[in-house]
Amino acid sequence: MKGQQLSDVFRYGRQIPDPHVGYTPINGGWSLWSEWSTCTFSCGGGLQQRSRGCNNPPPRDGAFYCVGVSIENQVCNRECCTAPVNGGWSNWLEWSTCSATCGGLQHRSRDCKNPLPRDGGKYCEDVPFDNRVCNNDCCTVFMIKVVYLHNFQLNN
């Protein structure tokens, strides 16, 4: 710095290299942008951010820092938010044919699609199927006759 004034050493926010020392100034270069961050909201508009550094190469020997911005923002998930819709049961289907002529079972079912759950809504509560005993009236009369006949045969 011999023979130079301070104003000659720092000009425009950077150090002016001393031509007698052998510096080779290298201006800074931007790295690649990072990936966009996760959106701050899932609907209704949120923000994402990405960044880059002035390190490819970093400024050296009093050269210029990178020109431009190191952080970018963008709006994401702009679609309107909707309230969660819980699922609702459809009407029961008809009972199936009885599985036996005496003491059988019948089945019926329903679906959770009236409406379908969406936007975080809950699935229908309870069960989607139902069972019942069928043709049991004739069995009672039949069973009484069998027991009566069985007892009659044992006593005679």
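Since we're looking at a predicted model, the values are computed, not measured.

**A few points about the packing of aromatic side chains**
Alright, step 1. Per the counting criterion, the structure on display carries two aromatic pairs.
Alright, step 2. Ring centres of W30 and Y65 lie 6.5 Å apart, and the angle between their planes is 80 degrees; on these two criteria the pair is classed as edge-to-face. Residue W30 is found in the loop between β2 (14-15) and β3 (46-51), and its partner Y65 is found in the loop between β3 and β4 (71-76); the two are separated by 35 residues along the sequence.
Alright, step 3. Under the relative-accessibility criterion, W30 is labelled buried at 19%.
Alright, step 4. Taking the relative accessible area as the measure of exposure, Y65 reaches 54% and is therefore exposed.
Alright, step 5. Note on W89 and Y123: the rings are 6.4 Å apart at their centroids and 80 degrees apart in plane angle, and the pair reads as edge-to-face. Of this pair, W89 sits in the loop between β4 and β5 (104-109) while Y123 sits in the loop between β5 and β6 (129-134); the two residues are 34 residues apart in sequence, bridging distant segments of the chain.
Alright, step 6. Above the plane of the ring of W92 lies R108, whose end atom (NZ or CZ) is 4.4 Å from the centre.

**Here we look at the state of the cysteines**
Alright, step 1. Going through the model one piece at a time under the given rule, you end up with five disulfides.
Alright, step 2. Here C54 is linked by a disulfide to C66, with a sulfur-sulfur distance of 2.1 Å. The chirality of the disulfide connecting C54 with C66 is right-handed, given an S-S dihedral of about 85 degrees. In this pair, C54 is assigned in the loop between β3 and β4 and C66 in the loop between β3 and β4, connecting sequence segments twelve residues apart. This pair shows no difference in class: C54 is buried, exactly as C66 is.

**Section: unusual backbone geometry**
Alright, step 1. Here the amide bond leading from N56 into P57 is cis, since omega sits at 0 degrees, within 30 degrees of zero.
Alright, step 2. In this model, N114 is joined to P115 through a cis peptide bond whose omega is 5 degrees.
Alright, step 3. Residue position: P115 is located in the loop between β5 and β6.
Alright, step 4. Positive phi outside glycine occurs at N77, with the angle close to 45 degrees.
Alright, step 5. When its relative accessible area of 29% is taken as the criterion, N77 is described as partly exposed.
Alright, step 6. The residue N135 is not glycine, and still its phi comes out positive at about 50 degrees.
Alright, step 7. With respect to the secondary-structure elements, N135 resides in the loop between β6 and α2 (137-155).
Alright, step 8. Given a relative accessible area of 36%, N135 falls into the partly exposed group.

The rules we used
- Residues numbered from 1 in each chain as written.
- Predicted model: local features only at pLDDT ≥ 70, side-chain atom pairs only at ≥ 80, totals over all residues.
- Heavy atoms only, no water.
- Phe/Tyr/Trp six-rings, centres within 6.5 Å; stacked < 30°, edge-to-face > 60°.
- Helix = DSSP H or I, 4+ residues; strand = E, 2+ residues; numbered from the N terminus.
- Buried < 20%, exposed > 50% of the residue type's maximum accessible area, 1.4 Å probe, protein only.
- Lys NZ or Arg CZ within 6 Å of the ring centre and 35° of its normal.
- Disulfide = S-S within 2.5 Å.

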